[in-house]
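Structural overview
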Amino acid sequence: MNYWNEKIETMPLTEIKAIQLKHLKKLVSEMYGSSKFYHDRMRSANIKPDDIRTLDDISKLPYMKKTDLRDNYPDKLFVRPQSDILRYHVSSGTTGKPTVVGYTKNDIENWSESLARAFTSSGITNKDVMQISMGYGLFTGGLGKHYGAEKIGATVLPAGTGNTARQIEMMRDLPVTCIACTPSYMFHIADTCDRMNIDIRKDTKLRVGILGAEPWSENMRKKLQERTGIMAQNCYGTSELSGPMFTECTEQKGIHVWSDLCLMEILDKNGEQCADGERGEMVITMLQKEAFPLIRYRIGDISSLEWEKCACGRTHPRLQRLSGRTDDMLIVRGINVFPSQIEDVIGEMDFLTPFYHITVDAVNYMDSITIEVEITDRALTDDMVKLEKMKRELDRRLKDVLNIKADVKLALPGSMPRTEGKAKHVTDLRTYE
């Protein structure tokens, strides 16, 4: 088993907790003294740095939320002078103001260190060639993975996004063994390879995909691995954290969260700590970020942590697949609906591709939900009886999972939009004026 930093990655739990407490105390003290925003919030909660004596005391600290970041746009939450800022990244800002994140030299180094450990745990070494088919620039995905891959000595092909035929040509002509992209784009690459009569297994050396930036299910992973022959590795990160930070190891039993860099809590609806393996809202404290610290940041994703030592030997907790978000939940006719539930069902059906779209609307204040999903080339038929049978099977399964009736539409192969970036799966047309 290969490690990038074996001492850190395999340290006993007691040592992990001791390091976390040391960094937490330092972080709280620095934020109290240098961040007017967090100083005022701590005073409102009647908390001082000396009140943090154990890790359990983190529950005394106030939360940070996405609205705090937007309200303090662009850089009012920074705690380092401009001369210390080495780089900016900016989130897409799909609603409200975007999030601007600043990085010191140490922030960039810790980000690269995190991904060096992660890539090594995924079986990537200095003998690999990684094609990074993600956006470079304000988006954190491309540059983050680029720096992490170079840190372990891997050869980097900074392909960026777009021109899928050219992406495939590079994979064939150069000894590319790894690719970093979104899962939906990897499926699009596979579709394009089929049309170009290219076999990824035979015509390329590709063996690992580092896939993220959008939700995807375990069923989607199985389909992708069966179709392409690659090991499809899940990764996690957001702009606020420093972009992509963590990946699975080769065991594929959860994403290793490096606890010397990140203290992750899983909280129930009452704000209480969830038990090991119990799902709840993720709340993140970045323990060593310098320019743009985060304490108890409610990131909005729903998942669970498992602290049992991994079969790979690593002792840091493993984040399980996201099951939705606290803020993208759709309420349709009083029922809570997560897009991830729909994606799981689609992944169960071998006659469907992973490309789908959900449209929610209301007529005379009555909610309706339409789910359009694309069938595979193999399932395409003129036999209306077979098509209706597929539609009924999907309709029945969705109703079982969602507890509401959806209008199901089957789309022709290749007819639904493809994207190199994050796929947009939901359109909510409801207005109640």
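Within the chain, the secondary structure is distributed over twelve helices and 20 strands. Seen through its principal axes, the chain has C-alpha atoms that stretch 70 × 60 × 40 Å. Across the 433 residues that make up the chain, the buried fraction comes to 53%. Side-chain charges of the chain comprise 60 positive and 62 negative groups, with the mean position of each set lying 2 Å from the other.

This paragraph deals with unusual backbone geometry. Of the consecutive residues Y73 and P74, the connecting peptide bond is found in the cis state with omega at 0 degrees. Locating P74 in the fold gives a position in the loop between α4 (66-71) and β1 (87-90). The backbone of R296 shows a phi angle near 50 degrees, a positive value even though the residue is not glycine. Here R296 is to be found in strand β12 (residues 294-303).

Before going further, it helps to spend a moment on the domain arrangement of the chain. The domain architecture assigned to the chain consists of domain 1 (7-14 + 70-327) and domain 2 (332-428). Taking only C-alpha atoms, the centre of domain 1 and the centre of domain 2 are 27 Å apart. Taken together, the contacts link 22 residues of domain 1 with 18 residues of domain 2. Counting each side, the surface lost to burial between domain 1 and domain 2 is near 1,700 Å², with a carbon and sulfur contribution of 58%. Sorting the residues of domain 1 by area buried against domain 2 places N219, M220 and K223 first, and these three jointly supply 29% of that buried surface. Counting across the domain 1 and domain 2 interface gives one salt bridge. R418 serves as the salt-bridge partner of D191, at 2.9 Å between the closest nitrogen and oxygen. Applying the counting criterion to the domain 1 and domain 2 interface returns eight residue pairs in polar contact (both at pLDDT 80 or more). The set of elements that each furnish at least two residues to the side of domain 1 that touches domain 2 consists of α8 (183-195) and α10 (218-228). In terms of residue class, the side of domain 1 that touches domain 2 is made up of seven nonpolar, eleven polar and four charged.

The terminal C-alpha atoms of helix α5 (residues 105-121) lie 24 Å apart, and with 17 residues this matches the ideal 24 Å at 1.5 Å per residue to within 8%. Among the 17 residues that make up α5, 14 are buried, leaving the element largely enclosed by the rest of the structure.

About the cut-offs
Residues numbered from 1 in each chain as written. Predicted model: local features only at pLDDT ≥ 70, side-chain atom pairs only at ≥ 80, totals over all residues. Heavy atoms only, no water. Helix = DSSP H or I, 4+ residues; strand = E, 2+ residues; numbered from the N terminus. Buried < 20%, exposed > 50% of the residue type's maximum accessible area, 1.4 Å probe, protein only. Lys, Arg positive; Asp, Glu negative; His and termini not counted. Charge placed at Lys NZ, Arg CZ, Asp CG, Glu CD. Domains from an automatic or database assignment. Contact = heavy atoms within 4.5 Å. Buried area = accessible area lost by both parts, 1.4 Å probe. Salt bridge = Lys/Arg side-chain N within 4 Å of Asp/Glu carboxyl O. Polar contact = N/O pair within 3.5 Å; in protein donor to acceptor, adjacent residues only side chain to side chain. Nonpolar A, V, L, I, M, F, W, Y, C, P; charged D, E, K, R; others polar. Expected span 1.5 Å × (residues − 1).

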